[in-house]
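Per-entry structural report
As a plain string of letters, each chain reads:
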Amino acid sequence: MSAVSSSPRTVEFAGHDGITLVADEWNRGADLDGHPSVLMLHGGGQNRFSWKNTGQILADAGFHVVALDSRGHGDSDRAPDADYDVDTLTADVMRILDAIGRPVMIVGASMGGLTGILAAHQAGPERVTQLVLVDVVPRFEKGGSARIRDFMMGNLDGFDTLEQAADAVAAYLPYRAKRRNPEGLKKNLRLRDGRWYWHWDPAFMTKPGDDPELRTEKFEHAAQNLKIPVMLIRGKLSDVVSPEGVQHFLETVPNAEFVELSNAGHTAAGDDNDAFTDVVVAFVKRT
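Predicted, not measured: the structure shown is a model, and the values here were computed from it. (Residues numbered from 1 in each chain as written. Predicted model: local features only at pLDDT ≥ 70, side-chain atom pairs only at ≥ 80, totals over all residues. Heavy atoms only, no water.)

1. Overview of the packing of aromatic side chains
If you walk through the whole model with that rule in mind, you get six aromatic pairs. An angle of 80° between the planes, with centres 5.8 Å apart, marks the rings of Y84 and F204 as edge-to-face. Here the residue Y84 occupies a position in the loop between β4 (65-68) and α2 (86-100), and F204 occupies one in helix α6 (residues 203-206), the gap between them amounting to 120 residues. Summarising the burial analysis for this pair, Y84 and F204 share the class buried. Here the aromatic residues F151, F159, Y172 and W198 are joined through ring pairs into a cluster of three or more. (Phe/Tyr/Trp six-rings, centres within 6.5 Å; stacked < 30°, edge-to-face > 60°. Helix = DSSP H or I, 4+ residues; strand = E, 2+ residues; numbered from the N terminus. Buried < 20%, exposed > 50% of the residue type's maximum accessible area, 1.4 Å probe, protein only.)

2. A few points about the nonpolar core
Among the nonpolar cores identified, the biggest contains 64 residues, and L39 and I106 are the most heavily contacted of them. Two domains each donate at least three residues to this core, and these are domain 1 (9-141 + 211-285) and domain 2 (145-198). Ignoring any residue separated from it by four or fewer positions in sequence, one finds I106 in contact with L39, L41, V93, G116, A119, V128, Q130, L131 and V132. Counting 27 residues, the second-largest nonpolar core is a separate cluster that includes V38, M40, L58 and V65. (Core = buried A, V, L, I, M, F, W, Y, C linked by side-chain atoms within 4.5 Å. Domains from an automatic or database assignment. Contact = heavy atoms within 4.5 Å.)

3. A closer look at the sheet that holds strand β5 (residues 104-109)
Here we have eight strands laid out as an open sheet, ordered β1-β2-β4-β3-β5-β6-β9-β10, and mixed in their pairing. Lying at the two open borders of the sheet, with one neighbouring strand each, are β1 (9-14) and β10 (256-261). The sheet shows a mean angle of 20° between the axes of neighbouring strands, direction not considered. By the bridge criterion, six bridges tie β5 to strand β6 (residues 128-134) in an arrangement that is parallel. Each residue of the ladder has a partner; that of V104, found in β6, is V128. (Pairing = 2+ DSSP bridges. Axes fitted to C-alpha atoms, helices over the stretch in contact; angles between N-to-C directions.)

Below, the structure is given as structure tokens:
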């Protein structure tokens, strides 16, 4: 595939029930030599900028890339009825697949990975040709998940300064070097009435959800029935995906393979972006 020089442009898609979803897109209409487009789905509480570096590298290699803000996150609309159920997130992704209109590889982190499992299963192997799961499996560790929830719920009232936000991130991710300049956090925060708030809908965390055990069964059923190549990337420092969870996943999901990043945790793409990107680029180029 010949390289294409491209910068992302901000685009809008119509999600389920007409909600507006915002994305960054590279290389629309490029000659892709039979390779799939790449749809990148972030984790809960994150946004499309989580994929900025990886998306640009894939674009420079000639791929068509779409990095989506999920509903209630980033610049996408908040659900008016606080509907952030995983089935609704999946319905949004199905609309994106329709709009792209060609084979797609999904790269999904955490919430985005679980959504990707359901979307790949529902869409079938001709529409979703590969799946990359970033530090997520259907049987994830409840303790690590609870730590994420505690972090997200702990700052719903915002921060006085960007430095306070940087301190909160550093406490949550002690293995990652603290930002020397917190200005980069502006991609994840919005200033309202003199305080900085995370750029996602608090109702995403506060509205009651469905039965976690039933949800796990749904993800497992979908994953076990996938007929496409699946790459699971785990951060070695993760407390969300355990070695036992990885082993069970590899034993039960056909065509699944595994890579572990030694210097990364649950937020693998940001913890060691170079290593993460190398794995994703190699995987997508195999098609």
